[in-house]
Number of protein chains: 2
Amino acid sequence: MKGIRQLAEHLDISIGTVSRALNGKPDVNEETRKRVLAAAEQLGYVANQSGRSLRQGTTNVIGLMIQSSRETVENSDNFFLTVTGGLQSVFSRHKLDLIMLPCPHDEDPYEYLKRMVARRIVDALIISETQRVDKRFDLLAKAKIPFAALGRSLSGTQHPWADLDFDGVANAAVDRLVAHGHRRIAVSAPSSDINLGFIFVDGYRRALERHGIDYDPALVIRAKSSEQGGYQVADELLRLENGPTAVILIYELMAIGFYRRVMEAGIIPGRDIAVVSFREAPRAKFLQPALTCFRTSVHDLGVELAEILLSSMPAYSHEYPRKARQTVWPLELIPGESDAFQLTVKK
Amino acid sequence: MKGIRQLAEHLDISIGTVSRALNGKPDVNEETRKRVLAAAEQLGYVANQSGRSLRQGTTNVIGLMIQSSRETVENSDNFFLTVTGGLQSVFSRHKLDLIMLPCPHDEDPYEYLKRMVARRIVDALIISETQRVDKRFDLLAKAKIPFAALGRSLSGTQHPWADLDFDGVANAAVDRLVAHGHRRIAVSAPSSDINLGFIFVDGYRRALERHGIDYDPALVIRAKSSEQGGYQVADELLRLENGPTAVILIYELMAIGFYRRVMEAGIIPGRDIAVVSFREAPRAKFLQPALTCFRTSVHDLGVELAEILLSSMPAYSHEYPRKARQTVWPLELIPGESDAFQLTVKK
DNA sequence: CTGAAAGCGCTTACAG
DNA sequence: CTGAAAGCGCTTACAG
């Protein structure tokens, strides 16, 4: 089946009527509509997207831009696929298709996005891995294309986003560790400029302040969010003269490497050092002692993000009335054994 | 900047000339071309994709369909993002963009693909997670859209694909284990109908046969390709009266759960039971004893798949002349400690 | 080297 | 309720 013209000829009616029947317009004879639908189904006709888009000025496609940067490739561990599931569950209600736009390693994300926007292959965009300062917000705002970000940014103050509550995680972790008697609490931060790292460390600093604990930059270790990164964090902390009694890791995979390195030094997590990690993951369940971590539904975060986006699109906003278009997504602390001891004053 | 018309008016030349200049056609005055290019850059003009596609009948977009099935979401662990990197490195040479088409959980993959094909939003398609019998091959062949599959299938006998060498892995693993004295060798198989499972088990059976070892169906354990799956495999094998002395796992994450379960029973991998696993992964590096596994470059597999696809597209085939459009991608065995012992006859 | 015009496949006012 | 026609933004023979 080539196009609507062939289908119309086959049915011996005009293409206008075929189009109206297919698109569920009310002013079509029910008998005619049935014939058209049946013939389309039988001949496998589906409207050419370019033709539709050109005429309607809309593609019915939403793009999710992802950067498969080296670090992400090793670590996003299906975070994006899970978010995607949540997004789709909302978009499918409106017959909107989600496509993922992976920015190549060797292309500048800003230029890539510019190109995608200009080509008009999507009606709206979701960007991820927001940087502390992220020019993409201005680009999208200027292009007047609806968008939302997975992750807040200093550049996104007025724009829609949803983000995991890294600040809350840092606070809850510090509170818990302080309650267990810790004062020397280390933290890992990502090695990139991704904004979540700044938020995480800021939250950590303010939490320390609340407890009257001095901030010590030596206890903030930048490392990759991977097993190797965790190994490196432990290694660096072991070198400190006045090391920490507790550590908060920003990514659960790091715990695997962290455990390994401290154990090599005869230090047992949950006994000699407290470990708390963001975020719960199946693989971390196998760690011994069980990791204290934070749980959330990434799928539901996708749902939230989709609704935020639709609420900013004129065609759908009436179905998603909401005041706030910025959501800090909560996480729940899951106590494990990795920090289940009370620190007694040793030195 | 709205469209080519505005750009042409701005330059006071015809849209035809603008188009020709932008598309690098030879019959354009160099002076004119420069002016056009400069104005386009300055005003941020990029051709509307729908307009181009409709006229040219080509989108310059390649789609990679992925199924974020529950099992995949937990396990694909960036396999796809890495393949994507390889694909893009080839496609970018031809100004082809790759988009990922994630089939929603609640939609039938066949229907989803049908819809994507009919809408003509991509020039060619790559499908993944090929099933043993996979109707999508026929659909794509009938639709006359160029395609290639990541993973072979019984349905794909004449069609282009690239696939990891599961058969070779099974053979190499069995050979090695037999050389170490093992005769009771268990294997894990995926719980889904994904074709790689069948190929893996077939290779295992034929390898056993070569060594004159009877095939025992009790030693083939179906389980999810996850930590939990590995735990379950170990658990089931421990219940056997005449258990195995070695096991080959189809996914490295399983080793984490497998180790844990056998260790709970006081059985030490690499001493009491031999473990070989497919595939090398950063996180498996932290297992003790080190896992014997198989290494390959998934990025290069993506490159290969991209070239296979382009060789079947008329517009690019001359640049990728090749006889074979089906590639079995090799893996290299990386010896670890998890099977580094010689079995002495115990019973 | 450039312009005018046709037409890709659709949807949608507009008549009737 | 249906048909004829315009036009979305492009590219590309075709004249000149």
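As a convention, each chain's residues are numbered from 1 in the sequence order in which they are written. Whichever chain is written first becomes A and whichever ligand is written first becomes 1, with later ones labelled in order. The predicted nature of this model means local features are confined to residues of pLDDT at least 70 and side-chain atom pairs, given and counted, to a pLDDT of 80 or more, with totals for whole chains, interfaces and linings taken over all residues. Excluded from the side-chain calculation are hydrogens and water; included are all heavy atoms of the structure.

### Re unusual backbone geometry
Negative phi is the rule for most residues except glycine; trans is the rule for most peptide bonds.
Link 1 in the chain: Of note, the bond from Gln-288 of chain A into Pro-289 of chain A is cis; its omega dihedral lies within 30 degrees of zero at -5°.
Link 2 in the chain: When you line up the elements, Pro-289 of chain A lands in the loop between β9 (274–277) and β10 (292–295).
Link 3 in the chain: Here Asp-12 of chain A, not a glycine, exhibits a phi torsion of approximately 60°, which is positive.
Link 4 in the chain: Tracing the backbone shows Asp-12 of chain A in the loop between α1 (4–11) and α2 (15–22).
Link 5 in the chain: A simple rule labels every residue: compare its accessible area, found with a 1.4 Å probe on the protein chains alone, to the largest value its type can have, and call it buried under 20%, exposed over 50%, or partly exposed in between. Note on Asp-12 of chain A: relative accessible area 69%, which makes it exposed.
Link 6 in the chain: Even without being glycine, Arg-120 of chain B reaches a positive phi, approximately 60°.
Link 7 in the chain: Within the secondary structure, Arg-120 of chain B sits in the loop between α7 (109–119) and β3 (124–128). Put simply, DSSP marks the helices as runs of H or I at least four residues long and the strands as runs of E at least two long, and each gets a number from the N terminus on.

### With respect to the protein's contact with DNA strand D
Link 1 in the chain: Around DNA strand D, the surrounding shell holds 27 residues, and the nearest of these are Arg-20 and Thr-32 of chain A together with Ile-4, Ser-19 and Arg-55 of chain B.
Link 2 in the chain: Think of it this way: one heavy atom of a residue within 4 Å of a molecule or strand is enough to make that residue near it. Counting only atoms of DNA strand D within 4 Å of the protein, the sugar-phosphate share comes to 62%.
Link 3 in the chain: Pairs of N or O atoms are called polar contacts if they sit within 3.5 Å, as long as, within protein, a hydrogen donor faces a hydrogen acceptor (for residues adjacent in sequence, only side-chain-to-side-chain pairs). One nitrogen or oxygen atom from the side chain of Arg-20 of chain A is found 2.8 Å from a base nitrogen belonging to DNA strand D.
Link 4 in the chain: Gln-56 of chain B is positioned such that a nitrogen or oxygen atom in its side chain is 3.5 Å from a phosphate oxygen of DNA strand D.
Link 5 in the chain: Mapped by element, the contributors of at least two residues to the surface near DNA strand D are α2 and α4 (49–56) of chain A together with α2 (15–22) and α4 (49–56) of chain B.
Link 6 in the chain: The dominant element in the surface near DNA strand D, judged by the number of residues it contributes, is α4 of chain B, at 5 residues.
Link 7 in the chain: Residue polarity follows a fixed list, in which Ala, Val, Leu, Ile, Met, Phe, Trp, Tyr, Cys and Pro are nonpolar, Asp, Glu, Lys and Arg are charged, and the others, Gly among them, are polar. Tallied by class, residues from the surface near DNA strand D come to 8 nonpolar, 11 polar and 8 charged.

### Notes on the protein's contact with DNA strand C
Link 1 in the chain: DNA strand C sits among 27 residues. The nearest are Ile-4, Ser-19 and Arg-55 of chain A together with Arg-20 and Thr-32 of chain B.
Link 2 in the chain: Close to the protein, within 4 Å, the atoms of DNA strand C belong to sugar or phosphate groups at a rate of 59%.
Link 3 in the chain: In this structure, Arg-20 of chain B approaches DNA strand C through a side-chain N or O atom, which is 2.8 Å from a base nitrogen.
Link 4 in the chain: Contact distances for DNA strand C include 2.7 Å between a phosphate oxygen and a side-chain N or O atom of Thr-32 of chain B.
Link 5 in the chain: The set of elements that each furnish at least two residues to the surface near DNA strand C consists of α2 and α4 of chain A together with α2 and α4 of chain B.
Link 6 in the chain: Broken down by element, the residue count for the surface near DNA strand C peaks at 5 residues, all from α4 of chain A.
Link 7 in the chain: Partitioned by chemical class, the residues of the surface near DNA strand C number 8 nonpolar, 11 polar and 8 charged.

### As for the domain arrangement of chain A
Link 1 in the chain: Domain extents, as shown, originate in an automatic or database domain assignment. When the domains of chain A are assigned, the result is domain 1 (4–47), domain 2 (61–159 + 298–329) and domain 3 (166–295).
Link 2 in the chain: The centre of domain 1 of chain A, based on its C-alpha atoms, is set 35 Å off from the matching centre of domain 2 of chain A.

### Some remarks on the pattern of salt bridges
Link 1 in the chain: The salt bridge criterion pairs a side-chain nitrogen of Lys or Arg with a carboxyl oxygen of Asp or Glu, the two atoms within 4 Å. This structure, assessed with the given rule, holds 36 salt bridges over all chains.
Link 2 in the chain: The salt bridge partner of Glu-107 of chain B is Arg-115 of chain B, with a shortest N-O separation of 3.2 Å.
Link 3 in the chain: For Glu-107 of chain B, a relative accessible area of 22% translates into the label partly exposed.
Link 4 in the chain: Residue class for Arg-115 of chain B comes out partly exposed when judged on its relative accessible area of 26%.
Link 5 in the chain: Several salt bridges converge on common partners, so that one network encompasses Asp-235, Arg-239, Arg-260, Arg-261 and Glu-264 of chain A.

### Overview of the sheet that holds strand β6 (residues 185–190) of chain B
Residues and elements named next belong to chain B.
Link 1 in the chain: The pairing criterion is simple: DSSP has to find at least two bridges between the two strands. Taken in spatial order, the 6 strands line up as β7-β6-β8-β9-β10-β12 in an open sheet, and their pairing is mixed. A strand with exactly one partner marks an edge of an open sheet, and here the two such strands are β7 (220–223) and β12 (332–334). Adjacent strand axes in the sheet meet at a mean angle of 20° when their direction is disregarded.
Link 2 in the chain: Strand direction decides the pairing type here: strand β10 (residues 292–295) and β12, joined by 3 bridges, are antiparallel. In the sheet register, Phe-294 faces β12, and the bridge partner there is Leu-333.
Link 3 in the chain: In what follows, a contact means two residues having at least one pair of non-hydrogen atoms within 4.5 Å. Structural elements are reduced to axes, namely lines fitted to C-alpha atoms, with helices fitted over the stretch in contact, and the angle between N-to-C directions of any two is expressed from 0 to 180 degrees. Across the sheet, helix α11 (residues 227–239) touches β6, β7 and β8 (246–249), and the angle it forms with β7 is around 145°.

### Describing the UniProt feature "domain: HTH lacI-type" (unreviewed entry) in chain A
Link 1 in the chain: In the numbering used here, UniProt assigns the feature "domain: HTH lacI-type" (unreviewed entry) to residues 2–56 of chain A.
Link 2 in the chain: Regarding residues 2–56 of chain A, the helix share stands at 69% and the strand share at 0%, and the terminal C-alpha atoms are separated by 20 Å. UniProt positions are given in the numbering used here, feature names are shortened, and annotations may be inferred rather than shown by experiment.

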